[in-house]
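Descriptive analysis of the structure
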Amino acid sequence: MTTARPALDPELQALLADMPLMSQLSQEALAQVRPFSSMPVEPLLEGRAIDRREVTVSAPDGTPIPLSVFSPTKTDRTSAAPCVYWMHGGGMVMGDRFSQIDIPLEWLDEFGAVVVSVDYRLAPEATGTALVDDCYQGLLWIAEHSAELGIDPARIIVAGASAGGGLAAGVTLMARDLGTPTITAQVLIGPMLDHRNTSASSRQFSGGPGVWTREMNEFGWRCLLGDLADDEVPVYVSPALADDLSGLPTTYIDTGSAEVFRDEDTDYATRIWAAGGQAELHVWAGGFHGFDALYPQALISATARRTRTDWLARVLHTNPTA
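Remember, predicted model here, so these are calculated numbers, not experimental data.

**Describing the layout of surface pockets**
With a probe scaled to a water molecule rolled over the atoms, the places where space remains empty come into view. Here the largest pocket defines a volume of roughly 1100 Å³. Taken together, 45 residues form the lining of the largest pocket, with Met 19, Phe 36, Ser 37, Gln 100 and Leu 294 sitting closest to its centre. Tallying contributions element by element places helix 11 (residues 291-294) first for the lining of the largest pocket, with four residues. Each residue belonging to the lining of the largest pocket can be placed in one class, and the counts come to 26 nonpolar, 14 polar and five charged.

Here it is, written out as structure tokens:
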């Protein structure tokens, strides 16, 4: 019996008709799609007053981790800027630091934010906590170099989409538990939070082609975790496992009604509220996974992106530079 599922937004459905879709991923298919999982960043920088800098930090095991730093071209600004630390999507197995970078670059334009994007290692070449550890090391570098970067260390926003949203959530839990650095807010865009892959929404988007299906999700998690049992999976890797969601910074979560991650994302927001925290949740009717990144020109995408930016404006307004 086919599981009923929410219909796609009509405009998105028409746009998606021209996109080749898959139902599953394999090692062979991954090798074919990886080269297409990121776009060059240079066209996005043309005509914008942005300075770009490339740096490298070391993972705990000594592996070099590239970071790209995008800053507004020097002006007469005298106050420290907010910083957006970006973690890209790609199911833990593809993408690079320029994937979906147009999203945080909009915040550079809007708020004068410095954007730092991390090239964390990918599964299956890296496994376990390697990915989230890489991201945490990048966060430490930002905090340690805040004066050099011209940023306010009290206004660091951690953000990511899909797998990057899951990593952003893991990094935020890690920073809370280790007591440093301070994170002002986390922005989780269709985050990949739960390796168990057993929700109603994951079952709805199974058994057929899609942008990101339950079968593809299983592949991504298996590449990262191998045969680890549920009780062996660290909460920083699969944040939905965390028993305690108290003490987190204000959180923005959005997702689509027609995507695998819908239920784990809404559950995460609900549990933040239950723990006494603050979260804003948006479930975009008819949105599939990554709709606003793939088709930013669609009305629903423009609305989702504007709503996210307006929320961030409120957060930065209530946390002004000292």
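Moving on from the model shown.
**Here we look at the nonpolar core**
Ranked by size, the top nonpolar core spans 71 residues in total, and within it Tyr 85, Met 87, Leu 139, Ile 142 and Tyr 268 carry the most contacts. At nine residues, the largest contribution of residues to this core is made by helix 5 (residues 130-144). Listed in part, the 35 residues of the second largest apolar core include Phe 98, Ile 101, Ile 189 and Phe 291.

**Comments concerning empty space enclosed by the protein**
What the rule picks out here adds up to one cavity of 30 Å³ or more. Each pocket or cavity is described by its volume, and for the largest cavity that value is around 30 Å³. Contributing to the lining of the largest cavity are Met 92, Gly 128, Thr 129, Leu 131, Val 132, Leu 167, Leu 224 and Val 237. Looking at the lining of the largest cavity, its residues break down into six nonpolar, two polar and no charged.

Conventions we followed
- Residues numbered from 1 in each chain as written.
- Predicted model: local features only at pLDDT ≥ 70, side-chain atom pairs only at ≥ 80, totals over all residues.
- Heavy atoms only, no water.
- 1 Å grid on protein atoms, 1.4 Å probe; cavity = no way out; pocket = protein on both sides within 12 Å on 5 of 7 lines; lining within 4 Å.
- Points joined across faces, edges and corners; volume = space filled by probe spheres on them.
- Helix = DSSP H or I, 4+ residues; strand = E, 2+ residues; numbered from the N terminus.
- Nonpolar A, V, L, I, M, F, W, Y, C, P; charged D, E, K, R; others polar.
- Core = buried A, V, L, I, M, F, W, Y, C linked by side-chain atoms within 4.5 Å.
- Buried < 20%, exposed > 50% of the residue type's maximum accessible area, 1.4 Å probe, protein only.

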